[in-house]
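Close look at the chain arrangement
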Amino acid sequence: MTSTSVASDLSGEDALAQTDQGLAPVSPRTFIVTVYGLYGRRHDGWLSIASLIALLGDLGVDEQAVRSSISRLKRRGILEARRQDGLAGYELSQEAREILQEGDERIFRRERPSLADGWVLAVFSVPERERSKRHQLRSRLSGMGFGAVAPGVWIAPAHLYESTTAMLERLGLTEYADLLRSDYLAFTALPEKVRQWWDLDELDLRYKTFIAAQQPVLERWQQQPPTDDATAFADYIRALTSWRRLPYLDPGLPTEVLPQHWAGLRAAPVFFALQTELEGRAHAHVARTLKP
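All of the points below concern the structure found in this document. (Residues numbered from 1 in each chain as written. Predicted model: local features only at pLDDT ≥ 70, side-chain atom pairs only at ≥ 80, totals over all residues. Heavy atoms only, no water.)

Focus: the nonpolar core
- Judged by nonpolar contacts, the single largest core of 64 residues is most densely connected at V35, Y39, L56, V194, F233 and W243.
- Ranked by the residues each element gives to this core, the list is headed by helix α12 (residues 264-290), at nine residues.
- Those residues in contact with Y39 that sit more than four places away from it in its chain are F233, Y236, I237, A282, H283 and V286.
- Residues V126, L141, W154 and L168 belong to the second largest nonpolar core, which totals 17 residues. (Core = buried A, V, L, I, M, F, W, Y, C linked by side-chain atoms within 4.5 Å. Buried < 20%, exposed > 50% of the residue type's maximum accessible area, 1.4 Å probe, protein only. Helix = DSSP H or I, 4+ residues; strand = E, 2+ residues; numbered from the N terminus. Contact = heavy atoms within 4.5 Å.)

Details of the sheet that holds strand β9 (residues 177-182)
- Strand order in the open sheet formed by four strands is β7-β8-β6-β9, with antiparallel pairing between adjacent strands. The sheet terminates laterally at β7 (147-150) and β9, the two strands that pair on one side only. Strand after strand, the sheet turns through a mean of 30 degrees between neighbouring axes, direction not considered.
- Here β7 runs beside strand β8 (residues 153-157); their pairing, made up of three bridges, is antiparallel. Its bridge partner lying in β8, G147 is registered against I155.
- Its contacts with the sheet place helix α6 (residues 131-143) against β6 (119-124) and β8, and it is angled at close to 165 degrees to β6.
- Against the sheet, helix α8 (residues 190-197) engages β6, β7 and β8, with an angle of about 105 degrees to β7. (Pairing = 2+ DSSP bridges. Axes fitted to C-alpha atoms, helices over the stretch in contact; angles between N-to-C directions.)

Considerations on helix α9 (residues 200-223)
- Taking 1.5 Å of rise per residue, the 24 residues of α9 would be expected to cover 34 Å, and the 33 Å separating its terminal C-alpha atoms lies within 8% of that figure.
- Largest kink in α9: about 35 degrees, centred on Q214, with the proline P216 one to four residues after it.
- Looking only at α9, the buried set comprises L200, L203, D204, R206, Y207, T209, F210, I211, Q214, V217, L218 and W221. (Expected span 1.5 Å × (residues − 1). Bend = angle between axes of the 7 residues up to and from the residue.)

Here is the structure:
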């Protein structure tokens, strides 16, 4: 399994999949990645199978689906089997830990960069005999939220420099790419160019989908909060699972280049308000579930 596939799984590409009928169900595999990202790393990257089954049960996922999803994540190089204190369980692979650590900066980043911060350009040239590496570069840059300026030239806000460097080093692609810091000078109005480099209409729709699903959850917790911490855990995992793909599709474009009434500026406060409401109670529920 390639690092590109691992990164796609860990960014939650199916978390906001659209169907003709609306929002598609989230796969158990995606929920498991969210749980490991939040809680597995607090426990040396390891969780027992029994605790995973219990926690995913709070999300309405049955035992067979959990076991099947764990097996798939193992085949894809995300989880590795390990027994601890006599219990069967799985831990995150080293590559998965690194990708999740990089993702934290994006997923939980509250502020948007300003236009004055500039841009990072990824310029690459790959020989035809190694076109698989060209595809890998394009796939990962797109997955990180880069926009395509021209063949072999991709752009993103400058704050992605470090995570892009880490990605290129992890995949062994540094010899094919150069990273440059840039400012846009001329000639077309920059908001118009941004619309060419990113599908802002699709992004706006995804943000609106998130708001439609999660705003009622936030209002319920603010007005008549349930007393059950298991409900807080389930609501938080669902919200985070839906949210964590968005910062990869939208790399944090500066407000100055976004359209008026951009839904992303309304979606972020909804997610972070839910995090404030639910994070502590969700963690308490997990701690009780994991207690021997």
